[in-house]
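The lines below spell out each chain.
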Amino acid sequence: MNRKKLLAASAASLMLISSAALAEITFRNAITGAPLDMSVAKSGGNEAVFNQFKETGKNPYNGNKEVIQKGHDLYLTACSGCHGHEAEGKLGPGLADDYWTYPSAATDQGLFEILFGGASGMMGPQYVNLSTDEMLMIMSWIRDIYTGNPKKAKWLK
């Protein structure tokens, strides 16, 4: 009898641990802090990669040279008008150095939240223009061109 209770308790504990490990991150608006509605995102892209990102908050595309090139191509179309062709800054801030208007952008989760939900000023939400997968690709290029201090690069930790 005690053995059955012990096994049942062990099984319940494992289920709790497993579900906690698979819990998704709650993405929040960079300005208001309100949860972002992911259901409004433009469809398309690699859903498995985005699901991995939702669990870890780390961009699976970082360091993938093929994806980084695609990210650069997408960046040129979607972002360069405001941030410059090489993310040097123009109407919007530069994106390759240590300075972030929103310090949360030093993490992949924070940078995604800004891309998806927008920020103050002219930075509107990009979920209408880009799929979540395309946002991750652009982020991988931004991380690849980083020229700042690696100790400040929270996405590397």
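Preceding block: the structure.
If you're wondering where the values come from, they're calculated on a predicted model, not measured in any experiment.

Draft legend 1. The overall build of the protein chain, seen in detail. When helices and strands are tallied, the protein chain shows 6 helices and 0 strands. Taken over 157 residues, the protein chain has a buried fraction of 37%. Here the contacts in the protein chain between residues at least 6 apart in sequence split such that 63% fall between residues at least 24 apart. Total accessible area on the protein chain stands at roughly 9,200 Å², and carbon and sulfur atoms take up 59% of it.

Draft legend 2. Summary view of the side chain of Asn59. Turning to its location among the elements, Asn59 is positioned in the loop between α2 (47-56) and α3 (65-78). Residue Asn59 is classed as buried on the basis of its relative accessible area of 6%. Polar contacts involving the side chain of Asn59 include one to the main-chain carbonyl oxygen of Leu136, which spans 2.8 Å. Ignoring sequence-local partners within four residues, the contact set of Asn59 consists of Phe53, Asp108, Leu136, Met139 and Ser140.

Draft legend 3. Broad picture of the nonpolar core. If you look at the biggest cluster of nonpolar residues, it comprises 33 residues, and the most contacted ones within it are Phe112 and Leu136. Elements that contribute at least two residues to this core include exactly α2, α3, α5 (108-117) and α6 (132-144). Ranked by residues supplied to this core, first place goes to α6 with 7 residues. Excluding its chain neighbours within four sequence positions, the residues that come into contact with Leu136 are Val49, Phe50, Phe53, Asn59, Tyr61 and Phe112.

Draft legend 4. Main features of the packing of α3 against α6. At their nearest, the axes of α3 and α6 sit 7 Å apart, and the two run at 100° to each other. Considering the angle they form, α3 stands roughly perpendicular to α6. Two secondary-structure elements touch here, α3 through Lys65, Val67, Ile68, Lys70, Gly71, His72, Leu74 and Tyr75 and α6 through Glu134, Met137, Ile138, Ser140, Trp141 and Asp144. Grouping the constituent residues of the contact of α3 with α6 by class yields 7 nonpolar, 3 polar and 4 charged.

What counts, and where the lines are drawn
Residues numbered from 1 in each chain as written. Predicted model: local features only at pLDDT ≥ 70, side-chain atom pairs only at ≥ 80, totals over all residues. Heavy atoms only, no water. Helix = DSSP H or I, 4+ residues; strand = E, 2+ residues; numbered from the N terminus. Buried < 20%, exposed > 50% of the residue type's maximum accessible area, 1.4 Å probe, protein only. Contact = heavy atoms within 4.5 Å. Areas by Shrake-Rupley, 256 points an atom, 1.4 Å probe, with all protein chains shown as cover. Polar contact = N/O pair within 3.5 Å; in protein donor to acceptor, adjacent residues only side chain to side chain. Core = buried A, V, L, I, M, F, W, Y, C linked by side-chain atoms within 4.5 Å. Axes fitted to C-alpha atoms, helices over the stretch in contact; angles between N-to-C directions. Parallel < 35°, antiparallel > 145°, perpendicular 65-115°, else oblique. Nonpolar A, V, L, I, M, F, W, Y, C, P; charged D, E, K, R; others polar.

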